[in-house]
Amino acid sequence: GLSNPFFDWLMPYLRNRYFWIPLYLFLVIFFVMNYKKAGIAITLFLLITFGISDYSASSVVKPAFERLRPCNDPVFKTEVNTRIACGSGYSMPSSHAANHFAIAVFLITLFYRRWKWILPLALLWATAISFAQIYVGVHYPFDVLIGGILGSIVGYLTATIFIATQAEKKWNSGN
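Worth saying up front: this structure is predicted, and the values here are computed from it rather than measured. (Residues numbered from 1 in each chain as written. Predicted model: local features only at pLDDT ≥ 70, side-chain atom pairs only at ≥ 80, totals over all residues. Heavy atoms only, no water.)

Caption draft 1: The side chain of Thr 43, seen in detail. If you trace the backbone, Thr 43 turns up in helix 2 (residues 21–65). Residue Thr 43 is classed as buried on the basis of its relative accessible area of 15%. Reaching out from Thr 43, the side chain makes a polar contact with the backbone oxygen of Gly 39 at a distance of 2.9 Å. Beyond its immediate sequence surroundings of up to four residues, Thr 43 is in contact with Val 28, Phe 31 and Val 32. (Helix = DSSP H or I, 4+ residues; strand = E, 2+ residues; numbered from the N terminus. Buried < 20%, exposed > 50% of the residue type's maximum accessible area, 1.4 Å probe, protein only. Polar contact = N/O pair within 3.5 Å; in protein donor to acceptor, adjacent residues only side chain to side chain. Contact = heavy atoms within 4.5 Å.)

So, in structure tokens, the structure goes:
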């Protein structure tokens, strides 16, 4: 019932990993320019966060549940308005949701003291990407919920480890 021409155009972009490359490049450049060696460490921890989140969702949880995507499920296939190629992988949890919530929570945990606005902005960003997964027909709502929870846990844990390893160097997000 949410289908409309604007969302039909927008949602495939929001969930496309290549669409966000300029943002990722901006973050890497921003971190390195503003935080020097700590910025390189932030970037490495972000990559580790992404790797752990993606591996956990794609290689551990999905094979354990083997849940079909809604666009491949014979029961729902005819009811799903698929806006992209469905793919052959499993659905639960959403790796997109896990990865983007992991990145969002990592950044929130690191920078909330300095930039309060990062909380709503990062959560809106991850939520929009997660919603797009449902909208284009490749995930059920529960898939993105579980992916978001998994990613949030990973992001919080890796950010906490980063802060702990930087404590000796007095990590300071700017306050």
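Read on for the rest.
Caption draft 2: Structural context of helix 4 (residues 118–135). End to end, helix 4 covers 25 Å across 18 residues, agreeing with the expected 26 Å (1.5 Å per residue, within 8%). Looking at the buried positions of helix 4, the neighbouring elements they touch are helix 1 (5–14), helix 2, helix 3 (95–111) and helix 5 (141–166). Immediately beyond the C-terminal end of helix 4, within one or two residues, lies Gly 137, with a positive phi of roughly 95°. (Expected span 1.5 Å × (residues − 1).)

Caption draft 3: How the structure looks around the environment of Phe 106. Position of Phe 106 relative to the elements: it lies in helix 3. For Phe 106, a relative accessible area of 0% gives the class buried. Distance in space between the C-alpha atoms of Phe 106 and Phe 26 is 16 Å, their sequence separation being 80 residues. Filtering out sequence-adjacent residues up to four positions away, Phe 106 remains in contact with Ile 42, Phe 45, Leu 46, Thr 49, Gly 155, Thr 158, Ala 159 and Phe 162.

Caption draft 4: Summary view of the packing of aromatic side chains. The final tally for this structure, using the stated rule, is 18 aromatic pairs. Both rings, one in Trp 115 and one in Trp 117, keep their centres 5.9 Å apart while their planes meet at 35°; by these two values the pair is tilted. Three or more aromatic residues joined by ring pairs make a cluster, and in this case those are Phe 6, Phe 7, Trp 9, Tyr 13, Phe 19, Trp 20, Trp 125, Phe 131 and Tyr 135. (Phe/Tyr/Trp six-rings, centres within 6.5 Å; stacked < 30°, edge-to-face > 60°.)

Caption draft 5: Seen up close, the nonpolar core. Phe 31, Ile 42, Phe 106, Leu 107 and Phe 111 are the most contacted members of the largest nonpolar core, which totals 35 residues. Those elements that place two or more of their residues in this core are helix 1, helix 2, helix 3, helix 4 and helix 5. Residues in contact with Leu 107, not counting those within four places in the same chain, are Leu 27, Phe 31, Leu 46, Tyr 112 and Ile 118. (Core = buried A, V, L, I, M, F, W, Y, C linked by side-chain atoms within 4.5 Å.)

Caption draft 6: Molecular detail of the environment of Arg 83. Mapped onto the elements of the fold, Arg 83 is located in the loop between helix 2 and helix 3. Spatially, the C-alpha atom of Arg 83 lies 26 Å from that of Leu 150, the residues being 67 residues apart in sequence. For Arg 83, the contacting residues outside a window of four places in its chain are Ser 3, Asp 8, Pro 12, Tyr 135 and Val 136.

Caption draft 7: Main features of unusual backbone geometry. Residue Pro 93 is reached from Met 92 by a cis peptide bond, and omega for that bond is 0°. Mapped onto the elements, Pro 93 comes out in the loop between helix 2 and helix 3. The phi torsion at Lys 36 lies on the positive side, around 50°, for a residue other than glycine. By secondary structure assignment, the location of Lys 36 is in helix 2. The phi angle at Glu 66 is positive, at roughly 50°, despite the residue not being glycine. Its location among the elements puts Glu 66 in the loop between helix 2 and helix 3.

Caption draft 8: The arrangement of the layout of surface pockets in detail. Reported here for the largest pocket is a volume of approximately 690 Å³. Sorting the residues of the lining of the largest pocket by element identifies helix 2 and helix 3 as the ones contributing at least two each. The element that contributes the greatest number of residues to the lining of the largest pocket is helix 2, accounting for eleven residues. Its residues assigned to classes, the lining of the largest pocket comprises 14 nonpolar, ten polar and five charged. Lining the second largest pocket are 16 residues, and of these Leu 23, Leu 27, Trp 117, Ile 118 and Leu 121 lie nearest its centre. Where the lining of the second largest pocket is concerned, the elements lending two or more residues are helix 2, helix 3 and helix 4. Looking at the lining of the second largest pocket residue by residue, the class counts come to 16 nonpolar, no polar and no charged. (1 Å grid on protein atoms, 1.4 Å probe; cavity = no way out; pocket = protein on both sides within 12 Å on 5 of 7 lines; lining within 4 Å. Points joined across faces, edges and corners; volume = space filled by probe spheres on them. Nonpolar A, V, L, I, M, F, W, Y, C, P; charged D, E, K, R; others polar.)

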